[in-house]
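The chain contents come next:
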Amino acid sequence: MGDDRVSFTEQDLKEVWAGCINNIDSFMRSFLTEAKPVSFENYCLQVEAAPFVINRFSEPERQELLNRLIVEHTGIPNATVCFVPRSSMNSNETKHSSALPSVFIETPNTQEENKAILAQFSSGIAAKDTKNELTAESTATSVSSSSKKPIAEQMNMPTAPANIKYVIPSRDYSSSNLKRNLTFDTYVRGDNNDLAVGTAIAVAQNPGNNYTNPVFFYSGVGLGKTHLMHAIGNEIIKNYPDKRVLYTSAIDFLNDFLLHLHDNSKSMAEFRSKWRNDIDVLLIDDMQFMIDKDSTQDEFFHTFESLRDQNKQIVISSDRPPEQLPKITDRLCSRMKQGMVVDIQAPKLETRIAILHKKAEQNNYHLSDDILTYIAESSYYANVRELEGALIRVILYLTNSKKEPTLENAKEALKTLQTQNNEPNPEAILKAVCEYFQVTENNLTGTKRDQGIVKPRQIAMYLMREHTGLSLVAIGKKFGRNHTTVMHSCEWVENNIKDSYVKNSLTNLRDILKIK
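For the structure given in this document, a descriptive report is provided here.

Reading the values: rules and limits
Residues numbered from 1 in each chain as written. Predicted model: local features only at pLDDT ≥ 70, side-chain atom pairs only at ≥ 80, totals over all residues. Heavy atoms only, no water. Axes fitted to C-alpha atoms, helices over the stretch in contact; angles between N-to-C directions. Helix = DSSP H or I, 4+ residues; strand = E, 2+ residues; numbered from the N terminus. Parallel < 35°, antiparallel > 145°, perpendicular 65-115°, else oblique. Left-handed = near helix turned anticlockwise from the far one by under 90°. Contact = heavy atoms within 4.5 Å. Nonpolar A, V, L, I, M, F, W, Y, C, P; charged D, E, K, R; others polar. Pairing = 2+ DSSP bridges. Buried < 20%, exposed > 50% of the residue type's maximum accessible area, 1.4 Å probe, protein only.

Some details on the packing of helix H20 (residues 426-437) against helix H25 (residues 500-512)
So, point 1. Two elements in contact, H20 and H25, have axes whose closest approach is 10 Å; the angle formed by their N-to-C orientations is 125 degrees. Considering the angle they form, H20 stands oblique to H25. Regarding H20 and H25, the two cross each other, and that crossing is right-handed. Contacts from Ala432, Val433, Tyr436 and Phe437 of H20 reach H25 at Tyr501, Asn504, Ser505, Asn508, Leu509 and Ile512.
So, point 2. When grouped by side-chain class, the residues that make up the contact of H20 with H25 number seven nonpolar, three polar and no charged.

Some thoughts on the sheet that holds strand E2 (residues 44-49)
So, point 1. Ordered by their spatial adjacency, three strands build an open sheet running E1-E2-E3, and the pairing between neighbours is mixed. A strand with exactly one partner marks an edge of an open sheet, and here the two such strands are strand E1 (36-41) and strand E3 (80-85). Strand-to-strand, the axes of this sheet are offset by a mean angle of 30 degrees, without reference to chain direction.
So, point 2. Judged from the six bridges that link them, E2 and E3 form a sheet pairing that is parallel. Bridge pairing in E3 places valine 47 opposite phenylalanine 83.
So, point 3. Running over the sheet, helix H1 (residues 10-21) touches E1, E2 and E3 and is turned about 110 degrees from E1.

Focus on unusual backbone geometry
So, point 1. Geometrically, the link from asparagine 213 to proline 214 is a cis peptide bond, its omega value of 5 degrees lying close to zero.
So, point 2. Along the chain, proline 214 turns up in the loop between helix H10 (194-205) and strand E6 (215-218).
So, point 3. Even without a glycine there, the phi angle at aspartate 286 is positive, about 55 degrees.
So, point 4. Along the chain, aspartate 286 falls in the loop between strand E8 (281-285) and helix H14 (294-309).
So, point 5. On the basis of relative accessibility, which here comes to 28%, the residue aspartate 286 falls in the partly exposed class.

Take a look at the structure:
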């Protein structure tokens, strides 16, 4: 077997492949050890592998690395590596029928015809498997001859129709806006996010399921909502290469809508086709920033309805639950609560330590358990993002100063952070409350007694009493009220401290104000 100039024996193929995978890191090599080279035709080394290996190594960077190594070990400038589905699986591996989604079809047929052909092809493979399962040894023997028969025929597999070409799908991360390093593997699961992670995995495995469509994640800042959304998108692309995934922010949706609305060179039909027809999975972050005008809500509502009617997956995140989004219409709130609404809490001590271990490992830096525990136990870091920032600060301090990674040196690295005054001033609290609840300062400090004003006003008074040195009288003057009104407002907040509205509002506002 070989191309027009070069012929390789079975032993040659094994040696070339062994040489290639011995030059990559041990993690990648562990996936490729069981893959088997079966032929070298048309400058391409065909390698038989399990579906999960095909998924993992069809990513552009890994494919490029393998192509470079095969050129070095064959001396053929244009040599490449391509994977073909393994003909026979071990009992604990996936059968052929589940391997087929790992490839896509290039054919002039319609989508319906392709589905019918693929179903027929899958059933043929299943029938072959039950009648005559090949062992790995017999497979290797059958493909080691110099026959020019197609790989599928040599493996005793049913031959696909001539107009179907199976190719490894390319991962289009550029159009998805996904960060490829934000995966489930790099996300630390704990009691604070267990339901959220379980929901995310269910979505990634079966997007569009009625029970998990839509999914609405909410939490304070820096607790992993965005990471979880990227992990969902990355996993869906790995499991369903044909699905078009888009991660975006609510602000980007709003800006795109306004652009098409006011730019005469663009049409709303183009906008609607882009957001409703050209997407299979929509991951939309920071929903709290989009809810502004009725026209925007209407457009998102109809986009939401269109995607869900087509069984397309929708995942939304926000810093508060749907019913607390400002100025939201009842019908849009109702739609966002149709599936799963999941709260992500701040991590407990054990989870914070596990997060620090994971982050230190990702930075290729070893810190002792007592250092990581000290950082995790500190009350200065309110969320995962700040926890990671503290860890990086320690690593940079130890690296740049060339000091030993001891507990005392770690404390020294964090000393300036710990001594900072984190108490906000009254003006900062007023501004944060106004922005969070989307009310004006005049209304907040004025005489209006609307429900949408009274509760934010009471929360603002409570924060001022807790985190500034102002007296009740001084706080009352800020709001044009006497000290008894301030006292009653603070008592109301304390009596309702476990209410989800009050609790989440205080948590998010303290995150915004950097109150430790």
